[in-house]
Amino acid sequence: MDGAALEVVRDALDTGDPLPGTGGFAGEVDGRLVRDVLGRYPLFSERGDETRWSTDRTDLDDPVRVPPGVARDARGDEVVWSLPEPPVSPPDEAVDAVRDAVSTSVRDVDSENLVVAFSGGVDSGLVAAGVPDAPLYVAGFEGSHDVAAATAAADAMDRELRVVELTHDALRQAVPELVSAIGRDNPMDIQIALPLYLTAKQVSEDGYDRLAVGQGADELFGGYSKVVAPATDHRVEADTVRGATREVVATLPDQLERDVLALRAAGVEPVAPLLHDRVVDAALRLPAELLATEDERKIALRRAADGVLPDSVTSADKKAVQYGTYAARELDRLARQAGFKRRMDDHVGQYIRSLCEE
């Protein structure tokens, strides 16, 4: 069983508790394949044969994903857990709960052979603060936002920072490896996964086998612009901030599968303290005004970071990793240099597939 003790998962099945105090789990329990409600660990079975399964899709001939919150056996899939809808907490209590949940989850991280993926924002800053002796790593092309932000933040926190400089050769080599590992070749997934994968490869080469990440914070705490005014934003169906945030949280299983598979393929195991059940529960209780407004996003998380991080880190703006590292820009550049012009349909996707055919 990945991620949790077997008895804990058995109890969660017996009680129906979707957040039983773990950081997620996936595996076999008494003849059934189960995956936690947020899909924090990947899980697959062979099409037509549920007795053949793996957490690595490349182990199977025709892998079929086990959905989050599901138990699978020969009879099919049964939804055994759903994301809870706890009552909204008063603002002061809500911030205190987030602060306690985050600090406890980060403090519980085992720092042995661990480094931190660090972009200089509040998410990775909180993770880094909990493991003060762990080196920090950032990836990016020369002049990229993430490298500049991480350098400034590491200086403010008086921490060691290792910069993984991305290159065109590294991107070209990594693309087919990533496509094989994650089973996806669409540009968005590849652009997002490339910096993670190349960071993890360097981490592994440096002798570490665990990488702490800030995954989940944007989804849980209102980090996306589309949750600010959902009633007028075509990117979400919900018309309230809380509803839009839950909608975004529902995208986590797909994202986490990609990220975990990419990191493991590079030789490291991800550690995601901001996705612990206690943090998820605290986030689900936040009122709208502590999630996102026109002026600020991830409000409760930033308040929870007061006194823990320098103000410059707590208030730092964050770019999506594919843009902050220039991975998307440079992959597009490589595609055009290879003859896949922007006027062509899905020119970056065509380039990605061409690399896999070489």
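Reference entry: report on the structure contained in this document. (Residues numbered from 1 in each chain as written. Predicted model: local features only at pLDDT ≥ 70, side-chain atom pairs only at ≥ 80, totals over all residues. Heavy atoms only, no water.)

Quick look at the nonpolar core
Using the following cut-off: Side-chain atoms within 4.5 Å link the members of a nonpolar core, which is a set of buried Ala, Val, Leu, Ile, Met, Phe, Trp, Tyr and Cys residues. For each residue, the accessible area found with a 1.4 Å probe, counting protein chains only, is set against the maximum for its type, and the residue is called buried under 20%, exposed over 50%, and partly exposed in between. The numbering of helices and of strands both runs from the N terminus, where a helix is a DSSP run of H or I of at least 4 residues and a strand a run of E of at least 2.
By size, the foremost hydrophobic cluster in this structure holds 60 residues, and its most contacted members are V98 and F221. A total of six residues in this core trace back to one element, the largest contributor, which is helix α2 (residues 91-107). Core analysis: the next-biggest nonpolar cluster, separate from the first, contains 39 residues, F44, V179, A266 and A335 among them.

Considering the packing of aromatic side chains
Note the threshold: Each aromatic pair joins two rings of Phe, Tyr and Trp (for Trp, the six-membered one) with centres within 6.5 Å, and gets the label stacked for planes under 30 degrees apart, edge-to-face for over 60, and tilted for any other angle. Any Lys NZ or Arg CZ that is within 6 Å of a ring centre and within 35 degrees of that ring's normal is treated as a charge sitting over the ring.
The tally for this structure, following the rule as stated, stands at two aromatic pairs. With a centroid separation of 5.3 Å and 75° between ring planes, the pair formed by F25 and W81 is classed as edge-to-face. Taken together, the positions of F25 in the loop between α1 (6-15) and β1 (26-29) and W81 in the loop between β7 (76-79) and α2 put the pair 56 residues apart, joining distant regions of the chain. In this pair, the class of F25 matches that of W81, namely buried. Aromatic side chains F340 and Y351 sit 6.0 Å apart centroid to centroid with 55° between the ring planes, which places their arrangement in the tilted category. Of this pair, F340 sits in the loop between α14 (327-337) and α15 (347-357) while Y351 sits in helix α15, and the two are eleven residues apart along the sequence. For the pair formed by F340 and Y351, the shared burial category is buried. Against the face of Y326 rests R329, its NZ or CZ located 3.9 Å from the ring centre.

Considerations on the packing of helix α5 (residues 168-182) against α14
Quick note on the threshold: For every element, the axis is a line fit to its C-alpha atoms; helices are fit only across the contacting stretch, and the angle between N-to-C directions ranges from 0 to 180 degrees. An angle below 35 degrees is treated as roughly parallel, one above 145 as roughly antiparallel, one from 65 to 115 as roughly perpendicular, and anything else as oblique. Only heavy atoms enter the contact rule, under which two residues are in contact if any of them lie within 4.5 Å. Gly is placed with the polar residues, together with every amino acid not listed as nonpolar (Ala, Val, Leu, Ile, Met, Phe, Trp, Tyr, Cys and Pro) or charged (Asp, Glu, Lys and Arg).
Following both chains from N to C, one finds α5 and α14 inclined at 85°, their axes separated by 10 Å at the closest point. Compared by their axis directions, α5 and α14 come out roughly perpendicular. Contact with α5, carried on its side by H168, L171, R172 and V175, involves A327, E330, L331, R333 and L334 of α14 and no other residues of that element. Residues that form the contact of α5 with α14 fall into these classes: five nonpolar, one polar and three charged.

Concerning the sheet that holds β7
In a beta sheet, neighbouring strands pair by backbone hydrogen bonds and run either parallel or antiparallel. Where we set the bar: At least two DSSP bridges between two strands are needed for those strands to be called paired.
Strand order in the open sheet made by the four strands is β1-β2-β6-β7, with antiparallel pairing throughout. Because the sheet does not close on itself, it has two edges, and the strands there are β1 and β7. Geometrically, the sheet is characterised by an average inter-axis angle of 25° between neighbouring strands, direction not taken into account. Inspection of the sheet shows strand β2 (residues 32-35) paired to strand β6 (residues 70-73) by two bridges, in the antiparallel sense. Residue pairing for β6: L33 is matched across the bridge by R72. Relative to β1, α1 is tilted by about 75°, and along the sheet it contacts β1 and β2.

Brief notes about the pairing of strand β10 (residues 161-165)
Heads up, the condition is: Note on handedness: a crossover is taken as right-handed if, strands pointing away from the viewer, the path from the first strand over the helix to the second is clockwise.
Sheet topology note: the strand β9 (residues 136-140)/β10 ladder contains five bridges and is parallel. Opposite Y137, over in β10, you have R162 as the bridge partner. A crossover connection joins β9 to the parallel β10 through helix α4 (residues 145-157); in handedness this β-α-β unit is right-handed.

Some thoughts on the side chain of R40
For clarity, the cut-off: Think of a polar contact as two N or O atoms within 3.5 Å of one another; within protein, one of them needs to be a possible hydrogen donor and the other a possible acceptor, and neighboring residues in sequence only count if both atoms come from side chains.
By the element assignment, R40 lies in the loop between β2 and β3 (44-46). Only 2.6 Å separates the side chain of R40 from the backbone oxygen of L275, close enough to count as a polar contact.

Overview of the environment of Q350
Tracing the sequence through the fold places Q350 in helix α15. Taking the C-alpha atoms as reference points, Q350 and R10, separated by 340 residues in sequence, lie 45 Å from one another. In this view, Q350 contacts F340, M344 and D345; residues no more than four positions away in its chain are not counted.

Brief notes about the layout of surface pockets
We count it as follows: For cavity detection a 1 Å grid was placed over the protein atoms alone, and a set of points counts as a cavity when a 1.4 Å probe fits there but cannot get out; an open set counts as a pocket when protein lies on both sides within 12 Å along at least five of seven lines, with lining residues being those that have an atom within 4 Å of a point. Grid points are joined across faces, edges and corners, and a volume is the space filled by probe spheres set on the points. Domain extents, as shown, originate in an automatic or database domain assignment.
Taken as a whole, the second largest pocket holds about 450 Å³ of empty space. Together, 26 residues line the second largest pocket, and G23, Y41, V271, A272 and P273 are the ones closest to its centre. Elements supplying a minimum of two residues to the lining of the second largest pocket: α9 (252-265) and β12 (269-271). Per-element tally for the lining of the second largest pocket: the top contributor is α9, with four residues. For the lining of the second largest pocket, the per-class residue count stands at twelve nonpolar, seven polar and seven charged. Looking at which domains feed residues into the lining of the second largest pocket, each of domain 1 (6-79) and domain 2 (91-327) supplies at least three.

Honestly, it's all geometry; don't read function into it.
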